[in-house]
Every structure is written in structure tokens, then in C-alpha cells.
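Residue strings, one per chain:
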Amino acid sequence: QVQLVESGGGLVQPGGSLRLSCASSGITFSINTMGWYRQAPGKERESVATISEAGTTNYAASVKGRFTISRDNAKNTVYLQMNSLKPEDTAVYYCNARRAWVAYWGQGTQVTVSS
């Protein structure tokens, strides 16, 4: 079965950092584009960052310069390093894997940025 298992979410103060991890299984990880998405209450799910099989990255304007997405193909894992966190970063963060028309989602992990 396909699984995307996330870890690293939690509560952090403004200006702090978190690292999210997403370990995948059941897919050929190296040929999938990986991404992190988030959804805040009352808002649509939005793309935060993506990384292609070749390592090309894209970021939402709101996180560029603060967040870094990376992947470790040997570990079938994608990471999201989040620095300088702001309250508006509070959301459920989802891991995504996609290839062609096929896409998979993690269960989501809560990130709360609050004093």
C-alpha cells in the first residue's frame, strides 16, 4: 500500500523553526514530484513548496526565503524546513506525491505558530 507518513509538526513560537518530514512507501519515490501543501481554517488548500525528481524547487511567495524543501531519495523522504515562522503559517500541512495523473496525500499534520 501507498503511505505518506508525516512527522515534525507541533506548536512553535513566532520566529521559531520546525522541520517536517514525510516518509513514503509503496511508490517509486525518485520519479515523483513531492510537495507540501497547507490548509488553514476557512481557506483553500494551497501549495507551499514542491520539488521535482531532478531537485527543482518552487515556493509560494508567502514562504520563499523562509522555507526550504528537500528530498532524500535514498530514504524516500521529503522535508520541509520552516524558519522564521509566523502566526499566519498556522495550518494543517499535507505531504503530496504525484506522477502523471496519480497523486497521493498524507494525513496532514498540524503546525501552530503562537505565543
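Residues numbered from 1 in each chain as written. Predicted model: local features only at pLDDT ≥ 70, side-chain atom pairs only at ≥ 80, totals over all residues. Heavy atoms only, no water.

## Some details on the packing of aromatic side chains
Aromatic ring pairs are reported here in terms of the distance separating the ring centres and the angle at which the planes meet. Scanning all chains against the criterion turns up two aromatic pairs. Their ring planes at 70° and their centres at 5.0 Å tell us that Tyr37 and Trp105 sit as a pair that is edge-to-face. Remark: Trp105 occurs in strand E10 (residues 102-105) and Tyr37 occurs in strand E4 (residues 33-39); sequence separation between them is 68 residues. Note on Trp105: relative accessible area 40%, which makes it partly exposed. With 6.5 Å between their ring centres and 85° between their planes, Tyr94 and Trp105 make a pair best called edge-to-face. Linking Tyr94 in strand E9 (residues 91-99) with Trp105 in strand E10, this pair joins segments that are eleven residues apart in sequence. Among the aromatic side chains, those forming a connected cluster through ring pairs are Tyr37, Tyr94 and Trp105. In this arrangement the basic side chain of Arg45 is found over the ring face of Tyr94, its NZ or CZ atom lying 3.7 Å from the centre. Positioned above the aromatic ring of Trp105 is the side chain of Arg45, whose terminal nitrogen or guanidinium carbon lies 4.7 Å from the ring centre. (Phe/Tyr/Trp six-rings, centres within 6.5 Å; stacked < 30°, edge-to-face > 60°. Helix = DSSP H or I, 4+ residues; strand = E, 2+ residues; numbered from the N terminus. Buried < 20%, exposed > 50% of the residue type's maximum accessible area, 1.4 Å probe, protein only. Lys NZ or Arg CZ within 6 Å of the ring centre and 35° of its normal.)

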